[in-house]
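Given next are the chains, with one letter for each unit.
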Amino acid sequence: MSTTTEFDEYAPQYDDLVRSPIRDKFSTDSVFFAERKWQLLQQYLSRRGLDSHDMAWLDVGCGTGTLLRLAGEAFQSAAGCDPSSEMLETCEDLQISVQTESTRLPFDADQFDLVTLVCVLHHVVPGERRALMQDVGRVLRPGGLVCIFEHNPLNPVTRLVVSQTPVDRDAVLLSSGEARRLLGDAGCVPSRVEYFLYLPESLYRRAGRIERLATRVPLGGQYAAIGTYDVG
Ligand SMILES: C[S@@+](CC[C@H](N)C(=O)[O-])C[C@H]1O[C@@H](n2cnc3c(N)ncnc32)[C@H](O)[C@@H]1O
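Quick look at the structure, then. Keep in mind that what you see is a predicted model, and the values were worked out from it rather than measured. (Residues numbered from 1 in each chain as written. Predicted model: local features only at pLDDT ≥ 70, side-chain atom pairs only at ≥ 80, totals over all residues.)

Note that Gly61 resides in the loop between strand E1 (56-60) and helix H5 (66-71). C-beta crowding within 10 Å serves as the criterion here: with 21 such atoms nearby, Gly61 is assigned to the buried category. Not counting the four nearest positions on each side in its chain, Gly61 is found in contact with Asp82, Leu117, Val118 and Val120. (Helix = DSSP H or I, 4+ residues; strand = E, 2+ residues; numbered from the N terminus. Buried ≥ 20, exposed ≤ 12 C-beta atoms within 10 Å, placed from the backbone. Contact = placed C-beta atoms within 7 Å.)

Spelled out as structure tokens, the structure:
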């Protein structure tokens, strides 16, 4: 039984439906937003002395696979899942599975060293988020990492973009505090919250250093909440 949903309907025009006039001023290229996330993850892994080439990665709610396509080769293995089979339609080049239950991932336990959820949880009804994250914990290996990327509800521009974006009709944004609690539900100890996407692409390309100084200021357009799975 598939639980989806509206994303099957959005899938054929997904790239157009995530655009809005304000988002376009920031960047017209979806890959820019994925690149920023991959950059942030790489910096985190390198600070922790971890090599992605030794890691099995799962991207939950991978959608059309933009991040998997960008970063997959840097991992020992890279897999994705999504409840929307239509979103996965363009992912024949990737290792993907349809997720038939909204809170149950289609994988055996103890499979992954890194699980990412990129702009997924604001589409999961609040009452189901905890169960989904508990299942993320099930598929993680001890010491594995979870990284939640989300829109930052404290940023007024983000809220405006979300309110104008058809794909976000059902969105219920979550604070970084809630993301930290959800990491706990996955059995993880939160280790870092980082805010990013302060500057539009053109400025970022010239003055990205400024953003790196602001990672703790909770006003970036998005944030990453990262935790380590702790079985002890
Ligand atoms: C805004 S899209 C993001 C897609 C992709 N992560 C990206 O960043 O391009 C949200 C995705 O979350 C998926 N999704 C919704 N509910 C989900 C759930 N319960 N478990 C996993 N994925 C879910 C949707 O099908 C959709 O593909």
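Structure shown, so let's carry the discussion forward.
Core analysis: the largest hydrophobic core is formed by 54 residues, its most contacted members being Val115, Val136, Val146 and Ile148. Among the elements that line this core, the one with the most residues is strand E5 (residues 140-151), at 6 residues. Not counting the four nearest positions on each side in its chain, Ile148 is found in contact with Leu117, Leu121, Ala179, Leu182, Leu183 and Ala225. (Core = buried A, V, L, I, M, F, W, Y, C linked by C-beta atoms within 7 Å.)

The next subject is the sheet that holds E5. Overall, mixed pairing links the 7 strands, which are arranged E3-E2-E1-E4-E5-E7-E6 in an open sheet. Of all strands in the sheet, those with a lone pairing partner are strand E3 (95-98) and strand E6 (188-196), marking the two edges. Ignoring strand direction, the axes of neighbouring strands in this sheet form an average angle of 20°. When strand E2 (residues 77-82) meets E3, the two strands line up parallel, connected through 4 bridges. Bridge pairing in E3 places Gly80 opposite Ile96. (Pairing = 2+ DSSP bridges. Axes fitted to C-alpha atoms, helices over the stretch in contact; angles between N-to-C directions.)

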